[in-house]
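Coordinate analysis (summary)
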Amino acid sequence: MDTKLNVAELDDVVIRFSGDSGDGMQLTGSLFSDTAVFSGNDIVTFPDYPAEIRAPQGTVGGVSGFQVHIANSKVITAGDFADVLVAMNPAALKANAKWLKNGGTIIIDKTSFTEKNILRAGYEKDPIKEDKLEDFKIIEAPISEITKNTLADSGLDNKTVLRCKNMFALGIVCWLFNKKLDVADDFLKNKFKTKPAIVEANNKVLKTGFNYAETIQAVVRHNIAPAKIEKGIYRNIDGNLATSWGFIAAAEKAHLELYVGSYPITPATDILQYLSQRKDLGVKTFQAEDEIAAVCSAIGASFAGDLAITTTSGPGLALKTEGVGLAVMAELPLVIVDVQRGGPSTGLPTKTEQSDLFQALYGRSGESPLVVIAASTPSNCFNYAFEASKIALEHMVPVILLTDGYLAHGTEPWKIPSMKDLPEIHPPIAKEGEEYIPYKRDEKTLVRKWAIPGTKGLEHTLGGLEKDETGSISYVPENHQLMSELREEKVKRVENYIPELKIEGNKNADLLVVGWGGTYGHLLTAVKEVNKEGQKVALAHFNYINPLPKNTADVLSKFKKIIVCELNLGQFANYLRIKFQEFKYEQFNKIQGLPFTVVELKDNIYKLLEDK
């Protein structure tokens with residue numbers, strides 16, 4: 001491959017692969033992302049799945065997309081709008097035309113733009129004219145037709161042949177951005193190592209697509225130089241895998257076995273699947289018959305002395321609430337992962353949202369305080385899974401870890417940490433021979449000790465109506481109030497063991513942007529761009545929700561205006577109003593199953609800056 005001839009340099013590019021859910025766009029996007037990472041670029045990805053398991057072919061509802069932002073410097077969002085759109089059918093064009101930058105490039109599979117498919121997608125006759133795309137650079141490649149011709153002598157059936165067409169599209173994009181085909185080659189050889197005919201067919205189509213782009217040279221070829229990143233061993237990782245590995249690391253540092261009891265639910269299922277593959281590390285997984293059984297099995301494992309995890313999404317968290325209340329009352333370490341999706345009810349299974357915050361904070365019967373923390377990038381899901389485990393084990397308290405669909409399936413390069421650099425975890429395990437009273441507490445932390453069943457002399461009861469210290473049943477009214485207050489105070493004292501809230505951006509600004517969880521990349525990018533444009537704006541982003549960092553009030557007091565941006569109708573803003581009534585909070589809320597765009601965030605920031 002000649003990398004010197006007619007190649008223009010670019011700082012970054014956003015590419016969106018889109019097609020029917022059977023067109024392999026997720027795989028195509030993943031392979032291009034991995035190719036970019038191996039060539040040294042920084043990336044962030046955003047897979048966009050249809051909610052239906054299998055919508056009617058060729059309809060807008062069945063479109064599957066994968067967006068990747070690659071750059072020669074650090075990127076923290078998948079980009080607002082695409083520079084390049086790969087549309088494998090008219091429905092893909094219809095669904096994504098609005099997400100294209102002016103003057104961008106569109107690659108379409110001309111073969112699929114039949115009259116029938118055009119009408120099915122909601123067009124009348126000419127998609128390009130109807131969407132006013134005449135000023136875009138359009139590559140009309142007969143992808144399906146050339147794929148068939150390329151594999152005419154392969155001996156494969158027509159259905160299998162057409163499954164290879166996504167490799168043709170990948171070949172075109174690799175040529176456009178000066179990427180080698182080695183990563184895709186290696187992946188295909190490994191994935192289909194028992195099916196050499198499939199490997200040969202896909203590789204042949206991949207190279208044909210690459211050569212096709214080189215032959216037509218319809219647009220300028222671009223190169224994106226490697227990013228300057230800290231030295232180390234990196235891999236591309238999504239939020240669910242990072243979460244899984246964070247729990248494995250925590251179990252090792254706590255010298256405990258890891259148990260996961262879960263019921264499959266989108267978009268959290270991958271965590272259970274990833275961990276079920278690690279029996280080699282002693283991980284025990286149980287796919288329960290329902291969410292209630294899942295959480296109760298995890299509580300049992302916690303009682304027995306394991307690092308116990310249960311994973312779910314919003315509807316499943318609702319079903320787990322009684323069990324979580326039991327863990328609160330028994331004061332057992334338990335981590336509940338809620339990978340948030342659109343709601344209410346079954347809602348939008350494949351779309352992202354932040355609307356489970358109040359459910360995490362308050363969604364249990366009685367006074368049931370627990371710790372709530374939130375990850376903010378795909379890779380730091382590792383850190384917060386580890387941190388959730390550390391808090392749960394050292395403070396003998398349930399912890400809800402909030403991620404979301406954007407983090408769960410989005411990817412970015414992750415520098416793999418050394419286990420020796422991770423902190424040790426010290427559960428307060430009672431030892432044989434010592435005096436043990438179930439609810440006797442450490443005076444500083446209010447944490448009770450953890451007696452593992454089978455330890456001689458540590459037989460005990462954790463009663464449903466717990467009596468202070470002994471755990472025996474008690475109906476004394478004052479005792480119930482005392483235990484409720486102790487549990488509340490124990491959670492509050494966790495604030496002494498979490499980091500203080502940091503201010504990013506311009507610390508001398510009048511306007512503070514506030515966010516939490518998975519909106520971090522978009523908020524930070526917006527704040528940086530507004531500051532670069534000559535304004536003064538700061539960002540305070542929360543990962544610790546309950547308890548809040550000790551310096552929260554001090555940070556909020558430094559700014560004249562505060563705007564809270566979140567993917568719900570204002571849950572965190574209202575939470576701050578409860579906690580800190582002395583401040584006024586503006587809001588920007590979005591609840592469309594989509595992440596923020598930097599453009600809309602900047603528009604709202606500028607409106608507040610202009611409002612004197």
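Thresholds applied
Residues numbered from 1 in each chain as written. Predicted model: local features only at pLDDT ≥ 70, side-chain atom pairs only at ≥ 80, totals over all residues. Heavy atoms only, no water. Phe/Tyr/Trp six-rings, centres within 6.5 Å; stacked < 30°, edge-to-face > 60°. Helix = DSSP H or I, 4+ residues; strand = E, 2+ residues; numbered from the N terminus. Buried < 20%, exposed > 50% of the residue type's maximum accessible area, 1.4 Å probe, protein only. Lys NZ or Arg CZ within 6 Å of the ring centre and 35° of its normal. Pairing = 2+ DSSP bridges. Right-handed = clockwise from strand over helix to strand, strands pointing away. Axes fitted to C-alpha atoms, helices over the stretch in contact; angles between N-to-C directions. Parallel < 35°, antiparallel > 145°, perpendicular 65-115°, else oblique. Left-handed = near helix turned anticlockwise from the far one by under 90°. Contact = heavy atoms within 4.5 Å. Nonpolar A, V, L, I, M, F, W, Y, C, P; charged D, E, K, R; others polar. Polar contact = N/O pair within 3.5 Å; in protein donor to acceptor, adjacent residues only side chain to side chain. Core = buried A, V, L, I, M, F, W, Y, C linked by side-chain atoms within 4.5 Å. Domains from an automatic or database assignment. Buried area = accessible area lost by both parts, 1.4 Å probe.

1. What about the packing of aromatic side chains?
In this structure the tally under the stated criterion is 12 aromatic pairs. Aromatic pair Phe 572 and Tyr 575: ring centres 6.1 Å apart, planes at 40°, arrangement tilted. Here Phe 572 and its partner Tyr 575 are both found in helix 20 (residues 571-579), three residues apart, which amounts to about one turn of the helix. On the basis of an interplanar angle of 25° and a centroid distance of 5.4 Å, the ring pair of Phe 588 and Phe 596 is categorised as stacked. The pair Phe 588 / Phe 596 is uniform in exposure class, with both members buried. An aromatic cluster is present here, built from Trp 516, Phe 542, Phe 572 and Tyr 575 joined pairwise through their rings. Between the NZ or CZ atom of Arg 448 and the centre of the ring of Tyr 439, over which it lies, the distance is 5.7 Å.

2. Quick look at the pairing of strand 22 (residues 586-589)
In this structure, strand 21 (residues 561-566) lies alongside strand 22, joined through four bridges in parallel fashion. Following the sheet pairing, Glu 566 is matched in strand 22 by Asn 589. With respect to chirality, the unit in which strand 21 leads through helix 20 into the neighbouring parallel strand 22 is right-handed.

3. What to know about the packing of helix 12 (residues 291-303) against helix 13 (residues 314-330)
For any two helices packed against each other, the geometry is given by the interaxial angle and the distance between the axes. At their nearest, the axes of helix 12 and helix 13 sit 8 Å apart, and the two run at 30° to each other. Classified by the angle between their axes, helix 12 and helix 13 sit roughly parallel to one another. Crossing geometry of helix 12 relative to helix 13 is assigned as right-handed. Along the contact surface, helix 12 presents Glu 291, Ile 292, Ala 294, Val 295 and Ile 299, while helix 13 presents Gly 316, Leu 319, Lys 320, Gly 323, Val 324, Leu 326 and Ala 327. Among the residues forming the contact of helix 12 with helix 13, the class breakdown is eight nonpolar, two polar and two charged.

4. As for the environment of Glu 424
Position of Glu 424 relative to the elements: it lies in the loop between strand 16 (411-415) and helix 17 (477-492). Glu 424 gets classed as partly exposed once you look at its relative accessible area, which sits at 35%. Measuring from C-alpha to C-alpha, the distance between Glu 424 and Gly 325 comes to 28 Å, with 99 residues separating the pair along the chain. At 3.2 Å, the side chain of Glu 424 forms a polar contact with the side chain of Lys 253.

5. Structural notes on the nonpolar core
Across soluble globular proteins, nonpolar side chains show a tendency to be buried alongside one another. Within the largest apolar cluster, 102 residues are counted, with the highest numbers of intra-cluster contacts made by Leu 258, Leu 512, Val 514, Ile 545 and Phe 572. Looking at this core, the element that brings in the most residues is helix 15 (residues 381-395), giving nine residues. With 47 residues, the next largest nonpolar core counts Val 68, Leu 151, Phe 192 and Ala 201 among its residues.

6. Here's the deal with the side chain of Ser 376
Within the secondary structure, Ser 376 is located in the loop between strand 14 (371-374) and helix 15. Note on Ser 376: relative accessible area 6%, which makes it buried. Within polar-contact distance, the side chain of Ser 376 engages the side chain of Asn 380 at 2.8 Å. Of the polar contacts made by the side chain of Ser 376, one reaches the side chain of Asn 543; its length is 3.2 Å. Ignoring sequence-local partners within four residues, the contact set of Ser 376 consists of Leu 407, Gly 517, Gly 518, Tyr 520, His 541 and Asn 543.

7. Regarding the domain arrangement of the protein
Here the protein is described as being made up of domain 1 (4-224), domain 2 (235-421) and domain 3 (504-610). For domain 1 versus domain 3, the separation of C-alpha centres amounts to 36 Å. Contacts between the two partners involve six residues from domain 1, matched on the other side by nine residues from domain 3. A combined buried area of about 670 Å² lies between domain 1 and domain 3, and 75% of that area is made up of carbon and sulfur atoms. Area buried by domain 1 at its contact with domain 3 is led by Ile 76, Thr 77 and Asp 80, which between them contribute 64% of it. In terms of residue class, the side of domain 1 that touches domain 3 is made up of four nonpolar, one polar and one charged.

8. Concerning the sheet that holds strand 14
Either a parallel or an antiparallel arrangement is found when strands of a sheet pair, and the pairing is made through backbone hydrogen bonds. Across the sheet, seven strands lie side by side as 11-10-12-13-15-14-20; this open sheet has mixed pairing. Only two strands of the sheet have a single partner each, and these edge strands are strand 11 (284-287) and strand 20 (544-546). Each neighbouring strand pair of the sheet contributes to a mean axis angle of 20°, computed without reference to strand direction. Here strand 10 (residues 258-262) runs beside strand 11; their pairing, made up of four bridges, is parallel. Within strand 11, the residue paired with Tyr 259 across the bridge is Lys 284.

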